[in-house]
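Below, each chain spelled out in residue letters.
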Amino acid sequence: MLLGLLMGSPLLSGVILAAGFKPAASEPAAVIHPAVWPERPPAFPPDAALENRIGTLLGEMTLEQKVGQLIQADIGSITPEDLRHYPLGSILNGGSSAPGNNEFAPPSEWLTLADRFYEASMDPSHGPHPIPTMWGTDAVHGHNNLVGATIFPHNIALGAARDPELIREIGEITAREVRATGMEWTFGPTLAVVRDDRWGRTYESYSEDPQIVREYAGQMVLGLQGTPGTPQFLDSAHVIATAKHFVGDGGTGGRDQGDNRASEIELRDIHFAGDPPAVSAGVQAIMASFSSWQGLKIHGNHGLLTDVLKQRLHFDGLVVGDWNGHGQVPGCTNVSCAAAINAGMDVIMAPDSWKQLYANTLAQVRAGEIPTTRVEDADRRILRVKLRAHLLDEGTPSSRPLAGKFELLGAPEHRAVARRAVRESLVLLKNANHLLPLSPGLQVLVAGDGANSIGKQSGGWTITWQGTGVTNMNFPHADTIFAGILSAVQAAGGTAELNPAGNFKTRPDVAVVVFGENPYAEFQGDIGSVEYSPGDRSDLELLRRLHGQHVPVVAIFLSGRPLWVNPHINASDAFVAAWLPGTEGGGIADVIFKAPDDSVPHDFHGKLSFSWPLTPQQTAVRRGDRVKPLFAYGYGLKYSDNGNLRKLPEGGGAALSAVTDSQLFFAAGKPGSGWSWIVSEDAHATAIPSGVGVAGSVRMSATDRAAQEDARQIRWDARTAASVGLASKAPINLQRETNGQLSVGFDYRVDQAPTSNVTLQMECGPGCKDSIDLTKTFANAGRPGEWSHVKVRLACFANSGIAHMDTITQPFELSTTGQFTVSVANIRLESGTDALISCTP
């Protein structure tokens, strides 16, 4: 219905007629022309009572409260006690944050912490009229941070399902499970229209085509929030939704936080597609994108944030930033950014930089650098959302109707919808000689490393940020793909044997091989070409070996994007794109097997919402392009179709250059490309390119970690400060990685305990450096000869001194003034929280 209203609008018709619009030659490329963007009527009728209450509250608030409402902190960097002293308007849990830093914390601990933060925000120290905080979470495919929650297929799979009503149901279920744990706000849905499949967030997109995104956007918002104008809107069973990321993040050439170079008309017609229906459905929050458009950061783009979003669309909710995204705006840092607020940002997500940002923003308002009218406009928007969500009236999170009803997490009726979503999203790419559907009475071999791994089948943003470090034990309400197959065949008298390596004693009737991408999220997920698993042919060898043993092979491919798998398709008799199905692996068996009575209860339903590449270099083939893909947008076989394929070409050619950079500094005994070992002492620097040699009081030699001479031993015998590090003449930009919670990590073995303090330093040019004290880490190392691992967040350096993470010349440098011997290996950028130390160890 929303789509019909949009397409029938004379306002949009006028915009379409303007498609030939071109800016004047003298104008900068990044200038926005609001008149060519669609204008929509307000989603909500005038509400004098609401606006009067907002005005009264605003008149009672102190300046400190007004500024505090604009700041959002992460629970990994703020405590309830902190919130008693700083009147911040909201908190969040990032992908790696959890109560007590325990990502596997039970639901009760989440609810208890929600109460503590709420109570702190209502402390009398904030004055006679405290404003309750609200908690945001990335519930992007279910309440995916919580152990036991229902995990739905990622958006790329839902796009293949072509079922808007299903999207609404998923939103409703997600909202109920979020509310059970005391939170009120989710950072979803993602409305990116991805145009290059190398991007590590491709699976968060419904489609490469704006049509599907347009159809789904409003439905997910209605599911999460309820329908405006009804008693259910933002009631105790619904949550505040966030359309993200505004705007253009799917068009950055496969690079996370990159630059979208599309024309203004392309930006409007392609990447903006989901925003008008989301706003019409009443979405209360919109998250700005990390990315840029024509070189201008969205977090600082007044034309898009204010002129288009707030004035043309009449969006009256709040605009929230992404993780320290304001720090990328020219002239800004993570702890100071008047420009972002003046551009139209209402809530600044300052996860670990909140304290200094609060102080600096307060000073900027007092100095007039940020107008009071802009602050009060932001406050009105924040209060409007909080009042619509009843947060000023509901009381503590634990007192709300669904709070503490943890039986909602993974409830059978919720899992049933998730299983239906799996069935509807599967896309059949090949079915030679009608191998599928299988009889459940067969002897079935189930192979591949994805067959019995809920973590792998669920992908990133599942309990942990990258989806790594989890086991099946962390999913109490879930079925692996193997478990679903086993249940299906046992019910009909067949057998199913799990052997990941594909070994067997008696030749099976059929082999189901489950394989694909390992979990990832942004940064870690950006790739250089769309070739599946370059350099690792183990999955292909498994398929070919089974095929060579005359075993019919059904391939179940797990991936967050279309990938070049021509050799794998050739080695399979049937090939299913299963995407990242989530916790309900049984949905796959529902489709590929007949019922015990030999009927076919579920045919394939899914159709590709992304074009499937013909070559590894075909990273950006899209619907309607003249260049043809292997499988076009909309492709998907039914059982009645001829599923035979000719042999596909397997010569992939040279892969594209990698999208990611600066991830590896030292590995396998060699510095990364462009890096060299440097010893600095008494203001003199000496290069030791291979990491073997003597410079002053420092001796470096080769030693073994996992292979011969793959590590370096560093021995200090210094009376003055001496440092050893990896340097490059060309600085690198680590701003994106800093915002993405990445760390510099390395393996170490203490061979002689330090006699003086040892620091890890990072430099960004002359006079630009900062350090983190690792003395305790090295002094408390394990037994002699034992290797350990340590990580230090890049944000530790960014927030405590280095303001220029975009010009790093030395990302790793150990320094001490005494005697110390340590061996190091595998120095790189990493995600995750294992072995992570705090910024003040």
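Residues numbered from 1 in each chain as written. Predicted model: local features only at pLDDT ≥ 70, side-chain atom pairs only at ≥ 80, totals over all residues. Heavy atoms only, no water.

Undergrad: I keep staring at the overall build of the protein and nothing clicks. Help me out?
TA: Helix and strand content of the protein: 24 helices and 32 strands. Over its C-alpha atoms the protein spans a radius of gyration of 27 Å, differing by no more than 12% from the 28 Å that the globule rule assigns to 841 residues. For the protein, the spread of C-alpha atoms along the principal axes amounts to about 75 × 75 × 60 Å. A burial count over the protein gives 63% of its 841 residues as buried. Sequence separation of at least 24 residues holds for 78% of the intrachain contacts in the protein that already meet a minimum separation of 6. (Helix = DSSP H or I, 4+ residues; strand = E, 2+ residues; numbered from the N terminus. Rg over C-alpha atoms; globule rule 2.2 N^0.38 Å. Buried < 20%, exposed > 50% of the residue type's maximum accessible area, 1.4 Å probe, protein only. Contact = heavy atoms within 4.5 Å.)

Undergrad: Please clarify how the state of the cysteines should be interpreted in this entry.
TA: By definition, a disulfide links the sulfur atoms of two cysteine residues through a covalent bond. Counted by the stated rule, this structure contains two disulfides. Between the sulfur of Cys332 and that of Cys337 lies a disulfide, 2.2 Å long from S to S. Its S-S torsion of about 70° marks the bond between Cys332 and Cys337 as right-handed, since a negative value means left-handed. Both residues of the pair, Cys332 and Cys337, count as buried. (Disulfide = S-S within 2.5 Å.)

Undergrad: Would you take a moment to explain unusual backbone geometry for this structure?
TA: Across the junction of Lys244 and His245, the peptide omega takes the value -5°, indicating a cis bond. Tracing the backbone shows His245 in strand S5 (residues 242-246). Geometrically, the link from Phe246 to Val247 is a cis peptide bond, its omega value of -5° lying close to zero. Within the secondary structure, Val247 is located in the loop between S5 and strand S6 (259-260). The phi dihedral of His314 falls on the positive side, at around 55°, and the residue is not glycine. One can find His314 in the loop between helix H12 (302-312) and strand S10 (318-320). Exposure remark for His314: the relative accessible area of 30% places this residue in the partly exposed category. Positive phi is not limited to glycine here, since Asn433 has a value of about 55°. Relative to the helices and strands, Asn433 is located in the loop between strand S12 (427-431) and strand S13 (443-447). Judged by relative accessible area, Asn433 falls into the exposed class, the value being 66%.

Undergrad: What exactly am I supposed to notice about the pairing of S5 here?
TA: Burial analysis of S5 places five of its five residues in the buried class, which makes it a mostly covered element. Both S5 and strand S7 (residues 285-288) contribute to a ladder of four bridges, which runs parallel. Paired with Lys244 across the bridge in S7 is Met287. (Pairing = 2+ DSSP bridges.)

Undergrad: I keep staring at helix H19 (residues 538-548) and nothing clicks. Help me out?
TA: Residues three or four positions apart in an α-helix share a direction because the helix packs 3.6 residues into each turn. Buried within H19 are the following residues: Asp539, Leu540, Leu542, Leu543 and Leu546. Along the axis of H19, the buried positions cluster into a sector of 160°, meaning they face one direction only. Residues Glu541 and Gly548 are exposed on H19 and point more than 90 degrees away from its buried face. Contact partners of the buried residues in H19: S13, strand S15 (510-516), strand S16 (553-558) and helix H20 (566-570). Looking one or two places after H19, you find His550, whose phi comes out positive at around 65°. (Arc of directions from axis to C-beta.)

Undergrad: Which parts of the structure should I look at to understand the layout of surface pockets?
TA: Gaps left between atoms show up when a probe the size of a water molecule is rolled over them. Of the voids in this model, the second largest pocket is the one considered here, and its volume is about 640 Å³. Surrounding the second largest pocket, 28 residues form its lining, Asn518, Tyr520, Gln524, Ile527 and Arg561 being those nearest its centre. Considered class by class, the residues forming the lining of the second largest pocket number seven nonpolar, 13 polar and eight charged. (1 Å grid on protein atoms, 1.4 Å probe; cavity = no way out; pocket = protein on both sides within 12 Å on 5 of 7 lines; lining within 4 Å. Points joined across faces, edges and corners; volume = space filled by probe spheres on them. Nonpolar A, V, L, I, M, F, W, Y, C, P; charged D, E, K, R; others polar.)

Undergrad: It is not clear to me how the pairing of strand S24 (residues 711-717) should be interpreted in this structure. Could you clarify?
TA: Consecutive side chains along a regular strand alternate between the two faces of the sheet. Where strand S23 (residues 698-703) and S24 come together, six bridges link them in antiparallel fashion. Within S24, the residue paired with Met700 across the bridge is Ile714. Here S24 pairs with strand S31 (residues 819-830) via six bridges, running antiparallel. Across the sheet, the residue bridging to Trp716 is Phe820, located in S31.

Undergrad: What is the right way to read empty space enclosed by the protein from this model?
TA: Inspection of the entire model under this criterion finds six cavities of 30 Å³ or more. The volume enclosed by the largest cavity comes to roughly 160 Å³. Every residue lining the largest cavity is counted, 19 residues in all, and those nearest its centre are Asp138, Asp322, Trp323, Trp461 and Glu522. When its residues are assigned to classes, the lining of the largest cavity shows eight nonpolar, six polar and five charged. Estimates place the volume of the second largest cavity at around 110 Å³.

Undergrad: So what exactly am I meant to see when it comes to the nonpolar core here?
TA: Most often, soluble globular proteins have nonpolar side chains that are buried together. Of all hydrophobic cores here, the largest spans 112 residues; its most connected members are Trp135, Tyr206, Val283, Leu304 and Leu318. Considering each element in turn, this core owes the most residues, eight residues, to helix H9 (residues 210-225). Grouped together as the second largest cluster of nonpolar side chains are 91 residues, Val194, Trp465, Tyr532 and Leu734 included. (Core = buried A, V, L, I, M, F, W, Y, C linked by side-chain atoms within 4.5 Å.)

Undergrad: Please explain helix H8 (residues 164-180) as it appears in this structure.
TA: Compared with the 24 Å implied by 1.5 Å per residue over 17 residues, the 25 Å span of H8 between its first and last C-alpha is a close match. Restricting attention to buried positions, one finds in H8 the residues Leu166, Ile167, Ile170, Gly171, Ile173, Thr174, Ala175, Glu177, Val178, Arg179 and Ala180. Lining the buried residues of H8 we find helix H6 (107-121), strand S3 (134-137), helix H7 (155-161), H9 and helix H16 (412-425). In the stretch just after H8, Gly182 is the one whose phi turns positive, near 95°. (Expected span 1.5 Å × (residues − 1).)

Undergrad: Can you walk me through the confidence of the model for the protein in this structure?
TA: For residues with low pLDDT, the predicted coordinates do not support detailed interpretation. Mean pLDDT over the protein: 92, with 94% of residues reaching 70 or higher. pLDDT under 50 marks residues 1-21. Its contacts with residues more than four places away, or in other chains, come to 28 contacts. Considering only residues more than four positions removed or in separate chains, one finds that residues 657-662, a stretch of pLDDT under 50, has 17 contacts. (pLDDT = per-residue confidence, 0-100.)

Undergrad: For this particular structure, what's the right way to read the sheet that holds strand S17 (residues 574-579)?
TA: Backbone hydrogen bonds are what pair the strands of a sheet, in a parallel or an antiparallel way. With mixed pairing, six strands are arranged side by side in an open sheet as S12-S17-S16-S15-S13-S14. Every interior strand has two partners, whereas the edge strands, S12 and strand S14 (495-498), have only one. Here the strands of the sheet are splayed against their neighbours by 20° on average, with no regard to which way each runs. Pairing between S13 and S14: four bridges, direction parallel. If you follow Val446 over to S14, its bridge partner there is Leu498. (Axes fitted to C-alpha atoms, helices over the stretch in contact; angles between N-to-C directions.)

Undergrad: Looking at this structure, I do not really get the pattern of salt bridges. What am I missing?
TA: When their charged atoms lie close together, side chains carrying opposite charge are able to pair. Here the structure, examined in full by the defined rule, presents 37 salt bridges. For the salt bridge of Arg374 with Asp346, the shortest nitrogen-to-oxygen distance reads 2.6 Å. With Arg374 in helix H15 (residues 372-388) and Asp346 in the loop between helix H13 (338-343) and strand S11 (348-349), this pair connects stretches of sequence that are 28 residues apart. When sorted by exposure, Arg374 lands in the same class as Asp346, which is buried. The salt bridge involving Arg400 is made with Glu394; its shortest N-O contact spans 3.2 Å. Side by side, Arg400 and Glu394 carry an identical accessibility label, which is buried. Salt bridges here are not isolated pairs; linked through shared partners, they connect Lys310, Asp346, Arg374, Asp377 and Arg381. (Salt bridge = Lys/Arg side-chain N within 4 Å of Asp/Glu carboxyl O.)

Undergrad: What am I meant to see in the sheet that holds strand S9 (residues 296-297) here?
TA: Sheet architecture is open: three strands sit in the order S6-S8-S9, paired in mixed fashion. Each edge of the open sheet carries a strand with a single partner, namely S6 and S9. Pairing geometry for strand S8 (residues 292-293) and S9, over two bridges, is antiparallel. Each residue of the ladder has a partner; that of Trp293, found in S9, is Leu296.

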